[in-house]
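One letter stands for each residue in the lines below.
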Number of protein chains: 2
Amino acid sequence: MNEMQVQMWDNPRFRNWVAVARACQLVQQALARELKPLDLKPPHLDIIVNLMRSEGISQQDLAHKLLVGRSNMTMLLPQMEERGLIERRPDQADRRVLRLHLTAQGKALAKRAIAIQSDLIDEVMSVSSPEHCEIIGDAMRRMTALMLERDKIGMATRTRKEQKA
Amino acid sequence: MNEMQVQMWDNPRFRNWVAVARACQLVQQALARELKPLDLKPPHLDIIVNLMRSEGISQQDLAHKLLVGRSNMTMLLPQMEERGLIERRPDQADRRVLRLHLTAQGKALAKRAIAIQSDLIDEVMSVSSPEHCEIIGDAMRRMTALMLERDKIGMATRTRKEQKA
DNA sequence: TGCATTTCGTTCATAGTTGTACAATTCTGT
DNA sequence: ACAGAATTGTACAACTATGAACGAAATGCA
């Protein structure tokens, strides 16, 4: 029973991944704290950031990019709209979808929030040289690709649709 | 307004940190899915793993290690105790604290759960060479140290206690 | 000893997240 | 054109997480 204990922490991959998860959690918590004065939470900022990149995106696609469920968007977006940060305009080509846009006020807040986030990230990533910073980012992007591919395969074997092929 | 957009994503630190956060999120989600057959959730596994390292730890110290609030432990631990995975024994030296221990059943489940987690981590970390894996882990540990130090300083300036010095 | 302060765990109200079921709309294949 | 399937956003219930207030126990300091 004790071998398991040793085994886990002697495994470099395990040890180093745990370090990644812990750092992530701490940075997220710090971000939440520093965003509080703007009355924003990390999910709101994620939405704003993605909206700057993809004006007119649908709720579904946004949820997909953020790796959360659609219902999550239904909870968050209306309250951001009431706050005047975003607009949800119906798409007349497909009347099911709502296309999302940042308002001027939303962009102004985005600027301040992103400044906070960027400063925090600059601080935490400054523990690594630019070269190591790229190594880390590259590894994480490969990891993300791997996980998304995994999910896709899992979906294909579980659903009935693809079995036709 | 558009300069901000470019500015963010041209900043290597920003871009690479976002990759870290996304990978983390995906791995967490995958872990949750693979743990479902054992009827465990990531927080439970975190508790179990830390309990293997630190038999007899208090709820408070455990919460501190896991970077969550004490009330979180109060929510999770009793239900794990009822399930027979852990025991909470009062400390007769200090009758406020409850010392935590894994039961035999808890250890058995831990073994299976850790096998699942290790396999997943091995898979995702296999996108990096052992050398890069260490670079990543070292960076994240420095980052964690930086954040904890930051918090400590923040606490010291806010509380009254340390002002005596 | 006595009293203020701190620490540990709990309680509870609040807020955030998820999955499922649903109505409206669009797409597909005949 | 039309029936069946898929997609979009919503509603809701169940679950999870968090922070503040609390009581009990311990500690520090006169």
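For the structure, check the block above.
Residues numbered from 1 in each chain as written. Chains lettered and ligands numbered in written order. Predicted model: local features only at pLDDT ≥ 70, side-chain atom pairs only at ≥ 80, totals over all residues. Heavy atoms only, no water.

Brief notes about the relation of the copies chain A and chain B
A rotation about an axis combined with a shift along that same axis relates the two copies of the chain.
Piece 1. Least-squares fitting of chain A to chain B yields an RMSD of 0.0 Å, with the superposition described by an axial translation of 0.0 Å and a rotation of 180 degrees. Each copy turns onto its partner about a two-fold axis. Among all C-alpha atoms of chain A, that of I136(A) lies closest to the rotation axis, at 2.9 Å. (Least-squares fit on C-alpha atoms with pLDDT ≥ 70 in both.)

Here we look at the side chain of Q117(A)
Piece 1. Of note, Q117(A) is situated in helix α6 (residues 104–125).
Piece 2. In this structure Q117(A) touches L31(A), L45(A), V49(A) and F14(B), once residues within four positions along its chain are discounted. (Helix = DSSP H or I, 4+ residues; strand = E, 2+ residues; numbered from the N terminus. Contact = heavy atoms within 4.5 Å.)

Describing the side chain of N50(B)
Piece 1. For N50(B), the location among the structural elements is in helix α3 (residues 42–53).
Piece 2. If near-sequence neighbours (up to four positions away) are discounted, N50(B) is found in contact with L62(B), K65(B) and L66(B).

Here we look at unusual backbone geometry
The general pattern is negative phi for most residues beyond glycine and trans for most peptide bonds.
Piece 1. A positive phi angle is found at L67(A), which is not glycine, with a value near 65 degrees.
Piece 2. Along the polypeptide, L67(A) turns up in the loop between α4 (59–66) and α5 (70–82).
Piece 3. Look at D39(B): it is not a glycine, yet its phi comes out positive at around 60 degrees.
Piece 4. You can see D39(B) is positioned in the loop between α2 (12–35) and α3.

Focus on the interface of chain A and chain B
Piece 1. Taken together, the contact pairs 63 residues of chain A with 63 residues of chain B.
Piece 2. Of the roughly 6,700 Å² buried between chain A and chain B, counting both surfaces, carbon and sulfur atoms make up 66%.
Piece 3. Among the residues of chain A in contact with chain B, R13(A), W17(A) and L67(A) are the three that bury the most area, contributing 10% of the side total.
Piece 4. One can count eight salt bridges joining chain A with chain B. (Buried area = accessible area lost by both parts, 1.4 Å probe. Salt bridge = Lys/Arg side-chain N within 4 Å of Asp/Glu carboxyl O.)

Re the packing of aromatic side chains
Piece 1. What the rule picks out here adds up to two aromatic pairs over all chains.
Piece 2. Their ring planes at 85 degrees and their centres at 5.3 Å tell us that W9(A) and F14(A) sit as a pair that is edge-to-face. Like W9(A), the residue F14(A) is buried in the burial classification.
Piece 3. Looking at R53(A), its charged tip hangs above the ring of W9(B), at a distance of 4.0 Å from the centre. (Phe/Tyr/Trp six-rings, centres within 6.5 Å; stacked < 30°, edge-to-face > 60°. Buried < 20%, exposed > 50% of the residue type's maximum accessible area, 1.4 Å probe, protein only. Lys NZ or Arg CZ within 6 Å of the ring centre and 35° of its normal.)

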